[in-house]
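The residues making up each chain are set out below.
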Amino acid sequence: MYVLPDLRNLKLMTNHFIEIEHLSGARNYEPLPVVLTRGEGVYVWDDAGNRYIDMMSAYSAVSHGHCHPRLVKVLQEQAAKLTIVSRAFYTDKLGIFLNQVCKLTGFDKALPMNTGAEAVETALKAARKWAYTVKKVANDKAEIIACEGNFHGRTIAIVGMSTIPQYREGFGPFPPGLKIIPYGNADELEKAITPNTAAFLVEPIKGEGGIIIPPAGYLKACAEICKKHNVLMICDEIQTGLGRTGKLLACQHDNIHPDAIVLGKALGGGLLPVSLFLAREEVMAVFTPGDHGSTFGGNPLAAAVGKAALDVLIEENLIERAASIGNYFQEQLRSIDSPLIKDVRGKGLLIGLEIDPDYPARDICIRLLKHGVLTKETHKTVIRFAPPLIITKEQIDVAITALRACA
Ligand code: PLP
């Protein structure tokens, strides 16, 4: 077997910023040994002035590129005018943002939060209350179905749905009423549904789970099953939505319009946390004043940036770019002849490279770092390539040359 040098014992450069972060910060992440100080477009720079192509885009939150000038301008102007007022008052920004995102996605109503996990929690609460008030499920009996290997965030309820031992262990007990089925098989969904089922929560492509694409037609079959049994279908588009996979929403590859979706990450234009739960009227109507909320959710700064992020997405044709450049990127990745690469899979600019399990994917990421390309492994054997959607073919060619040298 072809063996690359083992980099696991590589001595990391001593760096003041890394040391002070280790000294005072919780160790819930294991970052690559690079200290970033600046970003522009697809590039970031480290504290020694070295430039890198960002193939991570902050887990797809920086789809517009780092510090997009138009978004920064909107942020600065709004920051100097009005930033946070809470939802105790109306603002001149929130309604316009929500109206635009509803029109764009075809949902009736939107509820603003900040992080992805908060939007998922909102979806879970909406589904349960809908089950009790509309579907007439008996009190405290509502069930939510999610998929094996999912990633929907890190709150207690959400990790209660996780099948990754590390995400759960030490954090129980978890709320009841959460059921897990295998991903990619619609028959399993139908088998799991009971009269108490409120919703099926699913990622159109499993992102953190290793860029896993379900069989074509899976979501469509699930949508039909949900409709037949009066179960809400909720797509988690936090990572896959807003153009990342070459469509506005990844569920559109299967031509479906679910009952509800959650959006986050790129909605903040790479500048702020902005998330939304979007649903049809009947579902959103379960929320009455005081049921749910967030001090920061829907603040005018976030709403102004969120609206501009959607404008840029459309006006700069980022969705179409993700589709065409993504195809080019995947072709180039498939042309690399390396015994370490076992599979290339993806849609648009959400791409995973499956690495020989005998060789730690993290080592390849460290080698890529030294060749000016930043990315990170997910689930130990998959390297993620999810650059900003503004990336050019020339920049992809540079990354491919680096990868040829590293894999
Ligand atoms: N849902 C999906 C599909 C995600 O990929 C993520 C984050 O990676 C989340 C939810 C959680 O988002 P956040 O980290 O903003 O809470």
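Let me begin by describing the structure that accompanies this report. (Residues numbered from 1 in each chain as written. Predicted model: local features only at pLDDT ≥ 70, side-chain atom pairs only at ≥ 80, totals over all residues. Heavy atoms only, no water.)

Observations regarding the sheet that holds strand β4 (residues 109-113)
Within a sheet, adjacent strands bond to each other through the backbone by hydrogen bonds, running parallel or antiparallel. To be explicit about the condition: Note on pairing: two strands pair once DSSP finds at least 2 bridges between them. Comment: elements are numbered from the N terminus, with helices defined as DSSP H or I runs of at least four residues and strands as E runs of at least two. To obtain each axis, a line is fitted to C-alpha atoms, and for helices this fit is confined to the stretch in contact; angles are then taken between N-to-C directions over 0 to 180 degrees.
One open sheet holds the 7 strands; their spatial order is β4-β10-β9-β8-β7-β5-β6, and the pairing between them is mixed. What marks the edges here is a single partner per strand, and that holds for β4 and β6 (178-181). Each neighbouring strand pair of the sheet contributes to a mean axis angle of 20°, computed without reference to strand direction. As judged from the 4 bridges shared by strand β5 (residues 143-147) and β6, these two strands associate in the parallel manner. Residue pairing across strands places Cys147 opposite Ile181, the latter belonging to β6.

Details of unusual backbone geometry
Leaving glycine aside, a negative phi is the common case for residues, and trans is the common case for peptide bonds. The condition that has to hold: Each residue is placed in one exposure class: buried if its accessible area under a 1.4 Å probe, protein chains only, is under 20% of its type's maximum, exposed if it is over 50%, and partly exposed if it falls in between.
Residue Gly172 is joined to Pro173 through a cis peptide bond whose omega torsion reads -5°. Tracing the backbone shows Pro173 in the loop between α7 (165-168) and β6. We note that Cys67 has phi near 50°; this positive angle belongs to a residue other than glycine. Of the residues examined, Cys67 reaches a relative accessible area of 44% and is grouped as partly exposed. Positive phi, normally seen in glycine, also occurs at His379, with a value near 55°. Within the secondary structure, His379 sits in the loop between β14 (377-378) and β15 (382-385).

Let's talk about the pairing of β4
The side chains of a regular strand alternate, first on one face of the sheet and then on the other. The element β4 is extensively covered by neighbouring structure, given that 4 of its 5 residues are classed as buried. Pairing geometry for β4 and strand β10 (residues 275-279), over 5 bridges, is antiparallel. Opposite Lys109, over in β10, you have Ala279 as the bridge partner.

Here's the deal with the environment of Pro31
For Pro31, the position within the fold is in the loop between α1 (16-24) and β1 (36-40). Distance in space between the C-alpha atoms of Pro31 and Lys376 is 8.8 Å, their sequence separation being 345 residues.

Observations concerning the site of the ligand
Note the threshold: Nearness here has a simple test: a residue counts as near a molecule or strand if at least one of its heavy atoms is within 4 Å of that partner. Counted as a polar contact is a pair of N or O atoms within 3.5 Å, where, for protein atoms, one must be capable of donating a hydrogen and the other of accepting one, and residues adjacent in sequence contribute only when both atoms are in side chains. Here the accessible surface of atoms and residues is derived via Shrake-Rupley with a 1.4 Å probe, and residues count as covered only by protein chains that are part of the display. Amino acids outside the nonpolar list (Ala, Val, Leu, Ile, Met, Phe, Trp, Tyr, Cys, Pro) and the charged list (Asp, Glu, Lys, Arg) are all regarded as polar, and Gly is one of them.
If you check the shell around the ligand, you find Thr115, Gly116, Ala117, Phe151, His152, Gly153, Glu203, Glu208, Asp236, Ile238, Gln239 and Lys265 and nothing else. Within the backbone of Phe151, an N or O atom sits 3.4 Å from a nitrogen atom of the ligand. One of the side-chain N or O atoms of Lys265 is found 2.7 Å from an oxygen atom in the ligand. Summarising the interface, the protein chains cover 81% of the accessible area of the ligand, which totals 390 Å² for the free molecule. Split by residue class, the shell around the ligand holds 3 nonpolar, 5 polar and 4 charged.

Worth remembering: the numbers are spatial, not functional.
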